[in-house]
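A structural walkthrough
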Amino acid sequence: MVLLRLLVFLFAPVVSDLCSLPCFINVSESQGPGTILQFLSFNCSSYMPIPTLELLNVQPPTTFFNPPSLARWQGTYVGKLTLSSSARLDALMVNHYKLQLKFTCGNHVTEGSLSVDVQRDLSHIQCAGQFASPAGEMIQVPETVTPGARLYTLLLPGLELHGAQVSPEHGTVGDRMGAGGWRE
């Protein structure tokens, strides 16, 4: 009887609770595709079927997170969660994601959630490119523009509205603004 209990103990799956991992992680919005967000460690003594780690759901829905990988390392299963190639984090757009994960070890299934908080990075301002009209052509400023006239309004995330104006000491404004400043 003792031998039977020992065999049951040895071959029963042992699983770490998903919420024993950090249930909350912070990531900077400047992190890009391929960034490792979290390593997850699981104990599982079952080899058949092979243990799995799945990303069941992301709220709000996005493709910014890769399906987690799972590998055996020194007797422990290690999961890795990374940002996908489509990841473009923006804390002003979405600053919190909730990921639902499922770890399967033998017949034992454990589910848990991981909260990902996206933190602002004021040193990482993303530009959309050169200034252009809605049709895509470069902005042309006529020579008859009077000094002090508003040429365009620039919207920066989290900052107030800023306008560019013709400065009398610069005379005329060239056909490229923004990338290299004023050009005569």
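Sequence order as written defines residue numbering, which begins from 1 separately in each chain. Per-residue local features are limited, in this predicted model, to residues with pLDDT of at least 70; the limit for side-chain atom pairs, both in listing and counting, is 80 or more; totals at the level of whole chains, interfaces and linings are taken over all residues. For the side-chain quantities, the full set of heavy atoms in the structure was used; hydrogens and water were omitted.

1. Some points on the environment of His96
Think of it this way: any DSSP run of H or I at least four residues long counts as a helix, any run of E at least two long counts as a strand, and we number them from the N terminus. Here His96 lies in strand β6 (residues 96-105). Between the C-alpha atoms of His96 and Val27, which are 69 residues apart in sequence, the distance is 9.9 Å. A contact between two residues is defined here by any heavy atoms of the two lying within 4.5 Å. Not counting the four nearest positions on each side in its chain, His96 is found in contact with Gln59, Pro60, Ser115, Val116 and Asp117.

2. Let's talk about the side chain of Thr110
With respect to the element layout, Thr110 can be found in strand β7 (residues 108-119). Any pair of N or O atoms that falls within 3.5 Å is considered a polar contact. Within protein, one atom must be able to donate a hydrogen and the other to accept it, and sequence-neighbouring residues count only if both atoms are side-chain atoms. Within the local environment of Thr110, its side chain forms a polar contact with the side chain of His108, the two groups lying 3.1 Å apart.

3. Details of the packing of aromatic side chains
Each pair of aromatic rings taken from Phe, Tyr and Trp, with Trp reduced to its six-membered ring, is defined by centres within 6.5 Å and is described as stacked if the planes are under 30 degrees apart, edge-to-face if over 60, and tilted in the remaining cases. Applying the stated rule across the entire model yields three aromatic pairs. Seen from their ring centres, Phe42 and Phe103 are 4.1 Å apart, and the 10° between their planes marks the pair as stacked. Here Phe42, found in strand β2 (residues 36-42), pairs with Phe103, found in strand β6; they are 61 residues apart in sequence, far enough to count as distant. Look at Phe103 and you get buried, because its relative accessible area is 0%. Arranged with centres 6.3 Å apart and planes meeting at 65°, the rings of Phe64 and Tyr97 form a pair that is edge-to-face. Note on classification: 1.4 Å probe, protein chains only; a residue is buried when its accessible area is under 20% of the maximum for its type, exposed when over 50%, partly exposed between these limits.

4. Focus on the sheet that holds strand β4 (residues 69-73)
An order of β2-β5-β4 is seen for the three strands of this open sheet, with the pairing classed as antiparallel. At either end of the open sheet lies a strand with only one pairing partner, and these are β2 and β4. Taken over all neighbouring pairs, the strand axes of this sheet differ in orientation by 25° on average, direction set aside. Two strands make a pair as long as DSSP finds a minimum of two bridges between them. Strand direction decides the pairing type here: β2 and strand β5 (residues 76-82), joined by six bridges, are antiparallel. Bridge pairing links Leu40 to Gly79 in β5. Throughout, an axis means a line fitted to C-alpha atoms (over the contacting stretch in the case of helices), and angles, computed between N-to-C directions, take values from 0 to 180 degrees.

5. Section: the sheet that holds β6
Taken together, the four strands give an open sheet; going across it, the order is β1-β7-β6-β3, and neighbouring strands pair in mixed fashion. Pairing within the sheet leaves two strands with one partner each, and these edge strands are β1 (24-28) and β3 (52-59). Across the sheet, the mean angle from the axis of one strand to that of its neighbour is 30°, orientation sign disregarded. Two elements, β3 and β6, share seven bridges in a ladder whose sense is antiparallel. Pairing of Thr52 across the sheet is with Thr104, part of β6.

6. Some details on the nonpolar core
Note on terminology: a nonpolar core comprises buried Ala, Val, Leu, Ile, Met, Phe, Trp, Tyr and Cys residues joined through side-chain atoms within 4.5 Å. If you look at the biggest cluster of nonpolar residues, it comprises 24 residues, and the most contacted ones within it are Leu37, Phe65, Leu89, Tyr97, Leu99 and Val116. Counting residues per element, the ones that place at least two in this core are β1, β2, β3, β5, β6 and β7. For this core, the leading source of residues is β6, giving five residues.

7. Section: the environment of Gly106
Note that Gly106 resides in the loop between β6 and β7. Looking at Gly106, the relative accessible area reads 13%, which means it is buried. Along the primary structure Gly106 and Cys44 are separated by 62 residues, whereas in three dimensions their C-alpha atoms are 8.3 Å apart. Those residues in contact with Gly106 that lie beyond four places of it in its chain are Ser46, Met48 and Pro49.

8. Side note on the pattern of salt bridges
One side-chain nitrogen of Lys or Arg within 4 Å of one carboxyl oxygen of Asp or Glu is enough to make a salt bridge. The full count for this structure, using the stated rule, is two salt bridges. Residue Glu29 is joined to Arg120 by a salt bridge in which the shortest nitrogen-to-oxygen separation is 3.6 Å. In this pair, Glu29 sits in the loop between β1 and β2 while Arg120 sits in the loop between β7 and β8 (150-154), placing the two residues 91 residues apart along the sequence. Residue classification places Glu29 among the buried residues on the basis of a relative accessible area of 6%. With relative accessibility at 37%, the residue Arg120 sits in the partly exposed group. A salt bridge links Glu54 to Lys102; the nearest nitrogen and oxygen atoms lie 3.6 Å apart. Note that Glu54 is positioned in strand β3 and Lys102 in strand β6, a separation of 48 residues in sequence. Judged by its relative accessible area of 33%, Glu54 is partly exposed.

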